[in-house]
Amino acid sequence: MSAGAAGDDGAGGGPGGDGLFPEPFATGRARTVVAPGAVHVPGWLSAERQRELVTVCRGWARGPVPIRHTVLPNGGVMSVQTVCVGWHWQPYRYTRSAGDVNGARVAEFPSWLAELGRAALVDAYGDPAAGAAYAPDTALINFYDGDARMGMHQDKDERSAAPVVSLSIGDSCVFRFGNAEGRGRPYTDVRLASGDLFVFGGESRFAYHGVPKVYPGTAGPGTGMSGGRLNITLRETGLTDPSGT
Ligand code: MD3
Ligand code: FE
């Protein structure tokens, strides 16, 4: 698969969609089931939709909580830069306000983004009912430039076992999909290109995973990125605000 898959405009969008993301998505694009519950759909986002997402992500990166290199409790600094929507992730919990950045409340999670997540589940699982109960309430937007990478980890700060939806835009990368027992083998390396969708549900939700390599200059024209790789993950936190706030 190639970044060019993103170039066939409209492939990821339903017929006649002209709003932001309201239309149902076309089904039937080739899917690869990498492991139970883990489905890769190359070229799911049209080039136009990628550019729209890049534009909204640029806005979120400016604020109210600016994009930053997350600082880990052990003093380490992530090479990836992250900005959050809906709930703010800091290691290792979700909050409404970014106490580790500027104290501001994160941007609202827009309804069109939840709709996009439901459409992603429908297409990845090839089941019109797959998205019905999905209510993502947070998005983590990761930006990889230079030598940024992400080590093998599990995502377990969410209290919901609902699937994670991942959207890739810009430079291609190696995504390493492992197992739930530990960081090591067995794992499967998958090349993710601009426009690709990956859904992680079921038992794959708790697998270790990481991004060992990004290939600079592989984005191709029309993605809206001037360099680097953007990954948007949609999740259900399973959290609710404390009453009275
Ligand atoms: C499998 N991001 O933000 S996306 C992350 O490309 C993260 O930026 C990577 O891992 C990135 O936590 C990988 C694919 C992904 C995201 C979340 C998952 C795979 C997942 C959660 C559970 C299982
Ligand atoms: Fe992760």
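Residues numbered from 1 in each chain as written. Chains lettered and ligands numbered in written order. Predicted model: local features only at pLDDT ≥ 70, side-chain atom pairs only at ≥ 80, totals over all residues. Heavy atoms only, no water.

K.L.:
Describe the overall build of the chain, with residues and values.
P.N.:
The secondary structure content of the chain amounts to two helices and 14 strands. Counting over 245 residues, the chain shows a buried share of 52%. Intrachain contacts of the chain at a sequence separation of at least 6 include 74% that bridge at least 24 residues. In the structure as shown, the chain presents an accessible area of about 10800 Å², 53% of it carried by carbon and sulfur atoms. (Helix = DSSP H or I, 4+ residues; strand = E, 2+ residues; numbered from the N terminus. Buried < 20%, exposed > 50% of the residue type's maximum accessible area, 1.4 Å probe, protein only. Contact = heavy atoms within 4.5 Å. Areas by Shrake-Rupley, 256 points an atom, 1.4 Å probe, with all protein chains shown as cover.)

K.L.:
Go over the sheet that holds strand E10 (residues 173–177) with me, naming the residues and quoting the values.
P.N.:
Read across the sheet, four strands follow the order E8-E13-E10-E11 without closing on themselves; strand pairing throughout is antiparallel. Edge positions in the sheet fall to strand E8 (150–153) and strand E11 (188–192), since each has one partner strand and no second. Strand-to-strand twist across the sheet, computed as the mean angle between neighbouring axes with direction ignored, equals 25°. For E10 and strand E13 (residues 209–214), the ladder comprises four bridges, and the chain directions are antiparallel. (Pairing = 2+ DSSP bridges. Axes fitted to C-alpha atoms, helices over the stretch in contact; angles between N-to-C directions.)

K.L.:
Describe in detail the pattern of salt bridges, supporting the description with residues and values.
P.N.:
Enumeration over the complete set of coordinates arrives at seven salt bridges. The closest approach of N and O atoms between Asp 155 and Arg 235, which form a salt bridge, is 2.7 Å. You can see Asp 155 sitting in the loop between E8 and strand E9 (164–170) and its partner Arg 235 sitting in strand E14 (residues 229–235), a full 80 residues away along the chain. Its relative accessible area of 10% is what places Asp 155 among the buried residues. In this structure, Arg 176 and Asp 189 form a salt bridge, with 2.8 Å as the shortest nitrogen-oxygen distance. Of this pair, Arg 176 sits in strand E10 while Asp 189 sits in strand E11, and the two are 13 residues apart along the sequence. (Salt bridge = Lys/Arg side-chain N within 4 Å of Asp/Glu carboxyl O.)

K.L.:
Give a description of the site of ligand 1 that names residues and reports values.
P.N.:
Lining the immediate surroundings of ligand 1 are 17 residues, of which Asn 142, Tyr 144, Asp 155, His 209 and Arg 229 lie closest. The separation between an oxygen atom of ligand 1 and a polar side-chain atom of Asn 142 is 2.9 Å. The side chain of His 209 places a nitrogen or oxygen atom 2.9 Å from an oxygen atom of ligand 1. When ligand 1 sits alone it has 490 Å² of accessible area, and the protein chains cover 98% of it. Its atoms largely coinciding with the cavity grid, ligand 1 occupies the largest pocket. Going through the elements one at a time, strand E7 (138–144), E8, E9, E13 and E14 are the ones with two or more residues in the shell around ligand 1. The element best represented in the shell around ligand 1 is E14, accounting for four residues. Of the residues that constitute the shell around ligand 1, the class distribution is six nonpolar, seven polar and four charged. (Near = heavy atom within 4 Å. Polar contact = N/O pair within 3.5 Å; in protein donor to acceptor, adjacent residues only side chain to side chain. 1 Å grid on protein atoms, 1.4 Å probe; cavity = no way out; pocket = protein on both sides within 12 Å on 5 of 7 lines; lining within 4 Å. Sits in = over half its atoms within 2 Å of the grid points. Nonpolar A, V, L, I, M, F, W, Y, C, P; charged D, E, K, R; others polar.)

K.L.:
Hey, could you go over the coordination of the iron ion (ligand 2) for me, with residue numbers and the actual values?
P.N.:
With distances of 2.0 to 2.8 Å, the protein atoms coordinating the iron ion (ligand 2) are His 153 (NE2), Asp 155 (OD), Asp 155 (OD) and His 209 (NE2). What the six donor atoms of the iron ion (ligand 2) show is an angle range of 50 to 174° at the metal, which sorts the shape as irregular. Going along the chain, you hit the donors of the iron ion (ligand 2) in the pattern H-x1-D-x53-H. In this pair, His 153 sits in strand E8 while His 209 sits in strand E13, placing the two residues 56 residues apart along the sequence. Judged by relative accessible area, His 209 falls into the buried class, the value being 16%. (Donors = N, O, S within 2.8 Å, 3.2 Å for Na, K, Ca; no water. Tetrahedral: all angles 85-135°; square planar, octahedral: opposite > 155°, others 65-115°.)

K.L.:
Can you break down the layout of surface pockets residue by residue, with the values?
P.N.:
As a volume, the largest pocket reaches approximately 820 Å³. Those elements that provide at least two residues to the lining of the largest pocket are strand E4 (77–85), E7, E8, E9, E10, E13 and E14. Residues of the lining of the largest pocket, tallied by class, amount to 17 nonpolar, twelve polar and nine charged. (Points joined across faces, edges and corners; volume = space filled by probe spheres on them.)

K.L.:
A description of the pairing of E13 should follow, citing residues and the corresponding values.
P.N.:
As paired strands, E8 and E13 are joined by two bridges and run antiparallel to one another. Along E13, the bridge assignment pairs Met 150 with Val 211.

K.L.:
Could you give an account of the sheet that holds E4, with specific residues and numbers?
P.N.:
Reading across from one edge, E1-E2-E12-E9-E14-E7-E4-E3 is the order of the eight strands in this open sheet, with antiparallel pairing throughout. The outermost strands of the open sheet, each flanked by one partner alone, are strand E1 (32–35) and strand E3 (68–71). On average, adjacent strands in this sheet sit at an angle of 30° to one another, irrespective of strand direction. The sheet contact formed by E1 and strand E2 (residues 38–41) spans three bridges and is antiparallel. Bridge pairing in E2 places Thr 32 opposite His 40. Here helix H2 (residues 111–125) sits on the sheet in contact with E2, E7, E9, strand E12 (197–200) and E14, set at roughly 85° to E12.

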